[in-house]
Amino acid sequence: MVKSLQIYVAVGASVGGLFGCVFSYSFYALSDEFNYYYVFLTLASVLIGSAVSFFAWRSVQGRKVV
């Protein structure tokens, strides 16, 4: 059960990190200057991806999400 949680969170963090990098790069390409908010955007995307995957894991286990 713990291994499945680790897999869910790892996949969620990876997907969130990829989305964060894509969004950060697109904002960087539009503004043509680096801003440290892009780093926070990427980190927030990783955290959101991990949280969503954790709740998905809980729903797969048959527990109430909220």
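One can find the structure itself at the top, above this paragraph.
Residues numbered from 1 in each chain as written. Predicted model: local features only at pLDDT ≥ 70, side-chain atom pairs only at ≥ 80, totals over all residues. Heavy atoms only, no water.

Engineer: When you look at the environment of Tyr 37 in this model, what are you seeing that I'm missing?
Structural biologist: Note that Tyr 37 resides in helix H2 (residues 37-60). A relative accessible area of 60% means that Tyr 37 is categorised as exposed. Along the backbone, Tyr 37 and Gln 6 are 31 residues apart, and their C-alpha atoms lie at a distance of 28 Å. (Helix = DSSP H or I, 4+ residues; strand = E, 2+ residues; numbered from the N terminus. Buried < 20%, exposed > 50% of the residue type's maximum accessible area, 1.4 Å probe, protein only.)

Engineer: Help me understand the packing of aromatic side chains, please; the structure alone is not making it clear to me.
Structural biologist: Describing an aromatic ring pair means giving the distance of the ring centres and the angle of the ring planes. Applying the stated criterion to the full structure yields seven aromatic pairs. A ring pair is formed by Phe 34 and Tyr 36, whose centres lie 5.4 Å apart and whose planes are at 80°; its orientation type is edge-to-face. (Phe/Tyr/Trp six-rings, centres within 6.5 Å; stacked < 30°, edge-to-face > 60°.)

Engineer: Whenever I open this one, the side chain of Thr 42 confuses me. Can you help?
Structural biologist: Looking at the secondary structure, you find Thr 42 in helix H2. The contacts of Thr 42, once residues within four sequence positions are left out, are Gly 17, Gly 20, Cys 21 and Ser 24. (Contact = heavy atoms within 4.5 Å.)

Engineer: Help me out: how do you make sense of unusual backbone geometry in this one?
Structural biologist: The bulk of non-glycine residues show a negative phi, and the bulk of peptide bonds are trans. In this structure, Asp 32 takes a positive phi of about 65° despite not being glycine. Here Asp 32 lies in the loop between helix H1 (2-31) and H2. A relative accessible area of 64% places Asp 32 in the exposed class.

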